[in-house]
Amino acid sequence: MIFAYNKEHVGDVLMVIVADDKGQENRVERKGNVARVSIAEDGQVVAWNIFEASTLLGEIAGVGQIELTKEQLTKVNQELGQAGFNETLVEENEPKIVIGFVKSCKKHPDSDHLSITQTEVDNGEVLQIVCGAPNIKAGQKVVVAKPGAMMPDGLMIWPGVLRGVESFGMICSAGELRLPDAPAKKGILELPFDAVVGEAFPVGK
């Protein structure tokens with residue numbers, strides 16, 4: 001679940017992204033200052049919009065992806081209930097952009113530039129990630145955007161299929177992470193080998 005806020009460009013709206021709609025037609029139901037966005041075909045909830053968010057939550061720090069305090073999340077859930085919705089938003093503390101370790105890397109069978117990696121992202125958790133960087137190889141410490149992550153430019157990361165192979169995340173370049181002095185040359189960011197797998201990696205905004 002991603003909480004996002006950008007008053008200058010979107011208005012005083014807290015956006016809560018729950019799932020990938022995969023380009024399907026959406027249905028929006030608004031009650032008071034709460035709008036529930038769901039997939040028209042099956043009713044799966046994919047997002048919430050909370051209008052006049054700063055009136056409800058007070059000052060909201062940050063632009064783009066933000067973190068809510070427990071008190072703010074409680075107020076959001078109270079607002080949902082008062083508007084007549086039965087759902088409850090559950091706090092997620094697990095970081096989505098983390099340090100990973102490329103355990104294995106092999107060429108994609110249907111591409112001359114893609115590679116299929118098995119990348120550890122936490123204690124024993126391994127994700128299959130298809131990567132197009134020319135410098136990807138086994139044995140690297142890298143930065144991984146896990147499914148459900150929001151990149152600094154607003155891009156959401158979801159599971160996908162690349163040339164027939166499932167991919168569960170993205171191995172990131174310095175530019176994608178908005179790091180200062182990021183090189184123009186294509187390629188993923190390689191971290192020192194003493195970087196700790198599973199730790200959150202700070203990104204620019």
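Residues numbered from 1 in each chain as written. Predicted model: local features only at pLDDT ≥ 70, side-chain atom pairs only at ≥ 80, totals over all residues. Heavy atoms only, no water.

Before going further, it helps to spend a moment on the layout of surface pockets. Within this model, the largest pocket holds a volume of roughly 590 Å³. Looking at the largest pocket, it is lined by 20 residues, and the ones nearest its centre are Gln-65, Ile-66, Glu-67, Glu-94 and Pro-95. For the lining of the largest pocket, the secondary-structure elements that each account for two or more residues are β1 (2-5) and β6 (64-66). When grouped by side-chain class, the residues that make up the lining of the largest pocket number 12 nonpolar, 2 polar and 6 charged. Considered as a void within the structure, the second largest pocket measures approximately 390 Å³ in volume. Contributing to the lining of the second largest pocket are 22 residues, with Val-130, Cys-131, Gly-132, Leu-162 and Met-170 lying nearest its centre. Of all elements in the fold, only β9 (126-131), β11 (160-162) and β13 (170-171) reach the threshold of two or more residues within the lining of the second largest pocket. (1 Å grid on protein atoms, 1.4 Å probe; cavity = no way out; pocket = protein on both sides within 12 Å on 5 of 7 lines; lining within 4 Å. Points joined across faces, edges and corners; volume = space filled by probe spheres on them. Helix = DSSP H or I, 4+ residues; strand = E, 2+ residues; numbered from the N terminus. Nonpolar A, V, L, I, M, F, W, Y, C, P; charged D, E, K, R; others polar.)

Ranked by internal contacts, the top residues of the largest apolar core, which has 18 residues, are Phe-3, Leu-14, Trp-48, Val-76 and Leu-89. In contact with Phe-3, other than residues within four places in its own chain, are Leu-14, Met-15, Val-16, Gly-64, Gln-65, Ile-66, Leu-68, Leu-73 and Leu-89. In terms of nonpolar packing, the next biggest core, distinct from the first, is built from 15 residues, Ile-97, Met-151, Leu-189 and Ala-195 among them. (Core = buried A, V, L, I, M, F, W, Y, C linked by side-chain atoms within 4.5 Å. Buried < 20%, exposed > 50% of the residue type's maximum accessible area, 1.4 Å probe, protein only. Contact = heavy atoms within 4.5 Å.)

Right, let's get into the pattern of salt bridges. Working definition: two side chains of opposite charge can pair if their charged atoms are close together. Scanning the model with the defined rule gives 6 salt bridges in all. Measuring nitrogen to oxygen at the nearest pair gives 3.7 Å for the salt bridge that ties Glu-29 to Lys-31. Owing to a relative accessible area of 32%, Glu-29 belongs among the partly exposed residues under this scheme. A salt bridge links Lys-146 to Glu-94, with the nearest nitrogen and oxygen atoms 3.2 Å apart. Remark: Glu-94 occurs in the loop between α3 (70-83) and β7 (97-107) and Lys-146 occurs in the loop between β10 (141-145) and β11; sequence separation between them is 52 residues. Residue class for Lys-146 comes out buried when judged on its relative accessible area of 4%. (Salt bridge = Lys/Arg side-chain N within 4 Å of Asp/Glu carboxyl O.)

Bringing the sheet that holds β6 into the picture now. In space, the 6 strands of this open sheet follow the order β3-β4-β5-β2-β1-β6, with antiparallel pairing throughout. The strands lining the two open edges of the sheet, one partner per strand, are β3 (26-31) and β6. The average angle at which neighbouring strand axes cross in this sheet is 25°, direction not considered. (Pairing = 2+ DSSP bridges. Axes fitted to C-alpha atoms, helices over the stretch in contact; angles between N-to-C directions.)

So, about the UniProt feature "domain: TRNA-binding" (unreviewed entry) in the chain. Within this structure's numbering, the places UniProt gives as "domain: TRNA-binding" (unreviewed entry) are residues 91-202. For residues 91-202, the helix share is 0%, the strand share is 32%, and the end-to-end C-alpha distance is 20 Å. (UniProt positions renumbered as here; feature names shortened; annotations may be inferred.)

Here we come to unusual backbone geometry. You will see that Lys-22, though not glycine, has its phi angle at about 50°, which is positive. In this structure, Lys-22 sits in the loop between β2 (13-17) and β3. By relative accessible area, Lys-22 is classed as exposed at 66%.

Structurally, Glu-120 can be placed in strand β8 (residues 115-120). We note that Glu-120 is buried and unpaired, the nearest opposite charge coming from Lys-103 at a distance of 4.5 Å. Reaching out from Glu-120, the side chain makes a polar contact with the backbone nitrogen of Gly-124 at a distance of 3.2 Å. Each residue touching Glu-120, except ones within four places of it in the same chain, is listed here: Ile-99, Gly-100, Phe-101, Lys-103, Glu-125, Val-126 and Val-197. (Lys, Arg positive; Asp, Glu negative; His and termini not counted. Polar contact = N/O pair within 3.5 Å; in protein donor to acceptor, adjacent residues only side chain to side chain.)

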